[in-house]
Amino acid sequence: MSIEDPIPRFAQFKLVLLGESAVGKSSIVHRFVKDSFDDLRESTIGAAFLTQTIKLANDTTVKFEIWDTAGQERYKSLAPMYYRNANCAVVVYDITQLASLERAKNWIKELQRQANADITIALTGNKLDLEAEREVSTGEAQQYAIDNGLLFCEVSAKTGDGIRDVFYRIAEQLPVEEQIRSTMSRSKPRINLNKPSTNTDQGCAC
Amino acid sequence: MKRRVLGPRTDVPDIVVPPTPKPQHEPELECPICGLKVLSMHQLNRHLDDEHANASEEVPGTLTGENVEDLTGWLRKKVVSQTSKLPIGLPSKLVKLDSLTSPEYPSLLATSPSPQPDTRGPKVTRKHWRNPSGNDFCHFPRCRKLLNVRNGSVNCRRCGELFCNEHTAFRMKLDSLAEYSPVDGTWCRCCESCFNSKPGYLDTDGATRDLFTQFQTSRQRIVDQQGLKTNQLENRLVKLVARFNEIDLKDEGRVFKFFASSSLGQKRAAEREVVAWASDASATHCHLCFKMFGVYVRKHHCRLCGKLVCGDEMTACSKEVPLGKLCERLGGVQARDPQYVIRVCLGCKDGLLKRRNFIREVEKSELPEYLQIYHDLTTYEKVIIILLKKFQASLVLVQGEPLDSTIIAANKSRGKLVESLQAYEKLAKSLKVAVPEGSDDTKIRHSILQHATWFFQENGGKFKRYWLEMAEVKPDLPAPKLTKKQIREAREELMVYREQMFLIGEMIDTAKKQRRFDEIPPLLDNLRDLEAMCGDIEAKLGEDGF
């Protein structure tokens, strides 16, 4: 390895999942992080924390710190703590439940009011595999997303359709370059693995 | 000594030569040294100065220190016995001082530095006095000193509460039932709040004398007179028009219209019938412009009042007005021949049309926006003043006994007050934003705005002061008492946060076990946030926590 080895371009963002209970927030995260799906997932308690890194095209690594909040009413008071300084939010609704879209809209309004002004919001419709029971048309949700300047996807955590897309599209929207620049400017001294050892031969024999 | 002794008189016994002038009628006195009889203290004084000024030199043996003391003691006794009889024939200076204690000047005395209770009035009841328990605090809200020998422990004679010396340094006159009675009460020691609550003491409104009804009655007389005059004129005009219509109707029925000249004559006669014309000889000058009638200034009769006026175009003392125009303005009557002209003088024209014009204008004109705002502002002002009084009363209640009910009431009235003050401010600001239409408007607007600003500052300041006063007494009061529902919700929230803290703790442990150290910092951050939140809620709950 040469000394001119380029410093790996790395950025880290806080992401929060919001939405009504049982729309599949945890399933989406597990599909994204562990690429697994559990038919009988128990409902989340409080908020779960997971991380996942993705590689973008231009040699950039983006790490998501994901806070998967519980959708139940009981844990409503926790949400503000997690979206307060989040860089991006995935607001999930269930395409087979019209009411869940309404709840998602409420979350979006709350985010626009309370969260960071430059937060990236992705409106995500889950359970695409249950196309037959669809209640929310793609057009309606998409129109709402366009009107409010949100990203919009429809995904299926069960089949894995579109899951990675959501996170990649979010990563494209995020101010990756800015963060890399700011970390570079205050970059910590890095350890040079090629440096010759400073240990002298004297001393301890072990 | 029973009488109140004011400054100058207390000095008297301290000096050997009393400077006070003596009353006229006095029993005979005698000099203590030579036994000479004198008529007044003044004479004695003079005698002592003249004859015995250097007595010690003259008779060295007679006036020892002891004798001097005797002399001063005797003088003191005399002065005291004289001053106690003072009321008859008081010298003017003393009368002035004495008037301070008279009922006409109660407040002047009340602020004097060291007044002493006057026992001349009725005995004030002590039944309502609070008995000292040995562990009392001054009842004055901002004092709360422990009452003991040093701080003093004094009952306010009026409210009966216990205060320290400092906070009962006020005097007011009370009757036997310990109620304020400025005329024949007894001077009593009282607390500041009793003193301030004397009727008429802090009433900033001052005396008002409503002269409106008086004005209205005198004004009404004039208005009525003018109304009568207008009615008269209207009646005449209506009568005139009716007569003309009659004549015209007859005329129309005729076959030969060229006899119109006869109808014209009839109309002229009708004009004279409706109102008696003044005789031509009765006036030499126009009664409006005072021009002398002559060859050029012709005499004319006003058809409505019958007086003589000139027909000058310049002064427009009288004009020939088409009947149609008059009827149109008046409304209600219709002339068959609207082109027929009658002469009407300026005074009658004004009298006839002024009222109608005024009513029409009032009906037509809508209040301008800023006046509407002003109207609303005054309504708000009344409300705010009432609310402020209520709020103050509730604060006093809270200070008295800080029960839940009184605190809730105080908070409620505070909320209302804040709301109406905000509404008032908003309304006043809308005045600033509104686009001015003309120079007159801007002036009025400016004045209204100025008034509103003053009112807002005055009452907002009052409100703040009351609030601060209360906060000083009970620093923990401003936090509104939590309702049961709020407590339940806060507890639930606290439970959720604690649960989450536990979960995060577990997550940190797992992350450590699985060597995922990069996950630990955000988790720790979150744990800190959660701790802070828990702390906040616990503080909010206070003793209502778990």
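None of these values were measured; they are calculated from a predicted model.

(A) Here's a closer look at the overall build of chain A. In terms of helices and strands, chain A carries six helices and six strands. Ordered by position from N to C terminus, the α and β elements of chain A give β-α-β-β-α-β-α-β-α-β-α-α. Counting every position in chain A, which comprises 206 residues, the buried fraction comes to 45%. Expressed as a percentage of contacts within chain A between residues at least 6 apart in sequence, the contacts between residues at least 24 apart total 73%.

(B) Main features of the confidence of the model for chain A. Residues and elements named next belong to chain A. Overall, the prediction assigns chain A a mean pLDDT of 87, with 89% of residues at 70 or greater. Within chain A, no element has a lower average pLDDT than helix H6 (residues 176-185), which sits at 81, and none a higher one than strand E4 (residues 88-94), at 95. A low-confidence stretch, residues 1-5 stays under pLDDT 50, and its non-local contacts, those more than four residues away or across chains, total two contacts.

(C) Main features of a positive patch on the surface. Side chains of Lys325, Arg329, Arg360 and Lys364 of chain B sit close together on the surface and give a patch of like positive charge. Elements with a minimum of two residues in the positive patch: helix H10 (323-330) and helix H11 (346-364) of chain B.

(D) Main features of the packing of aromatic side chains. Summed over the entire model, instances satisfying the criterion amount to eleven aromatic pairs over all chains. Relative to Phe167 of chain A, the ring of Phe64 of chain A has its centre 5.9 Å away and its plane inclined at 65°; by these criteria the two rings are edge-to-face. Pair noted here: Phe64 of chain A is in strand E3 (residues 60-69) and Phe167 of chain A is in helix H5 (residues 163-173), with a separation of 103 residues, a long-range link. Classification of Phe167 of chain A as buried rests on a relative accessible area of 0%. The ring of Phe244 of chain B carries Lys267 of chain B above its face, with NZ or CZ at 5.7 Å from the centroid.

(E) Just the nonpolar core, in detail. Ranked by size, the top nonpolar core spans 47 residues in total, and within it Tyr93, Leu111 and Leu123 of chain A carry the most contacts. Ranked by residue count, the leading element in this core is helix H15 (residues 484-513) of chain B, at eight residues. Look past the residues within four positions of Leu111 of chain A in its chain and what remains in contact with it is Leu18, Tyr83, Ala89, Val91, Ile119 and Ile121 of chain A. Ranked by size, the runner-up nonpolar core spans 31 residues in total, among them Leu240, Ile247, Tyr340 and Cys345 of chain B.

(F) Broad picture of the sheet that holds E3 of chain A. Residue and element names in this part refer to chain A. Read from one edge of the open sheet, six strands run E2-E3-E1-E4-E5-E6, paired in mixed fashion. Where the open sheet ends on each side, the last strands, each with one partner, are strand E2 (47-55) and strand E6 (151-154). Between one strand axis and the next, the sheet turns through 25° on average, direction left out of account. Each of strand E1 (9-19), E2, E3, E4, strand E5 (120-126) and E6 touches H5; the most contacted strand, E6, lies at about 170° to it. In the packing of H6 onto the sheet, contacts are made with E1 and E3, and the angle to E1 comes to roughly 130°.

(G) Seen up close, the pattern of salt bridges. Taken as a whole and assessed by the stated rule, the structure comprises 26 salt bridges over all chains. Among the ionic pairs, Lys485 of chain B bridges to Glu489 of chain B, the shortest N-O distance being 4.0 Å. Placement of both Lys485 of chain B and Glu489 of chain B in helix H15 is noted, with a separation of four residues, approximately one turn of the helix. The exposure class assigned to Lys485 of chain B is exposed, which follows from its relative accessible area of 51%. Residue Arg528 of chain B is joined to Asp525 of chain B by a salt bridge in which the shortest nitrogen-to-oxygen separation is 2.5 Å. Placement of both Arg528 of chain B and Asp525 of chain B in helix H16 (residues 520-541) is noted, with a separation of three residues, approximately one turn of the helix. Overlapping salt bridges, with partners in common, bring together Glu131, Arg134 and Glu154 of chain A in one network.

Rules of the game
Residues numbered from 1 in each chain as written. Chains lettered and ligands numbered in written order. Predicted model: local features only at pLDDT ≥ 70, side-chain atom pairs only at ≥ 80, totals over all residues. Heavy atoms only, no water. Helix = DSSP H or I, 4+ residues; strand = E, 2+ residues; numbered from the N terminus. Buried < 20%, exposed > 50% of the residue type's maximum accessible area, 1.4 Å probe, protein only. Contact = heavy atoms within 4.5 Å. pLDDT = per-residue confidence, 0-100. Patch = residues over 30% accessible without salt bridge, like charges linked within 9 Å, V, L, I, M, F, W, Y side chains within 5 Å. Areas by Shrake-Rupley, 256 points an atom, 1.4 Å probe, with all protein chains shown as cover. Salt bridge = Lys/Arg side-chain N within 4 Å of Asp/Glu carboxyl O. Lys, Arg positive; Asp, Glu negative; His and termini not counted. Charge placed at Lys NZ, Arg CZ, Asp CG, Glu CD. Phe/Tyr/Trp six-rings, centres within 6.5 Å; stacked < 30°, edge-to-face > 60°. Lys NZ or Arg CZ within 6 Å of the ring centre and 35° of its normal. Core = buried A, V, L, I, M, F, W, Y, C linked by side-chain atoms within 4.5 Å. Pairing = 2+ DSSP bridges. Axes fitted to C-alpha atoms, helices over the stretch in contact; angles between N-to-C directions.

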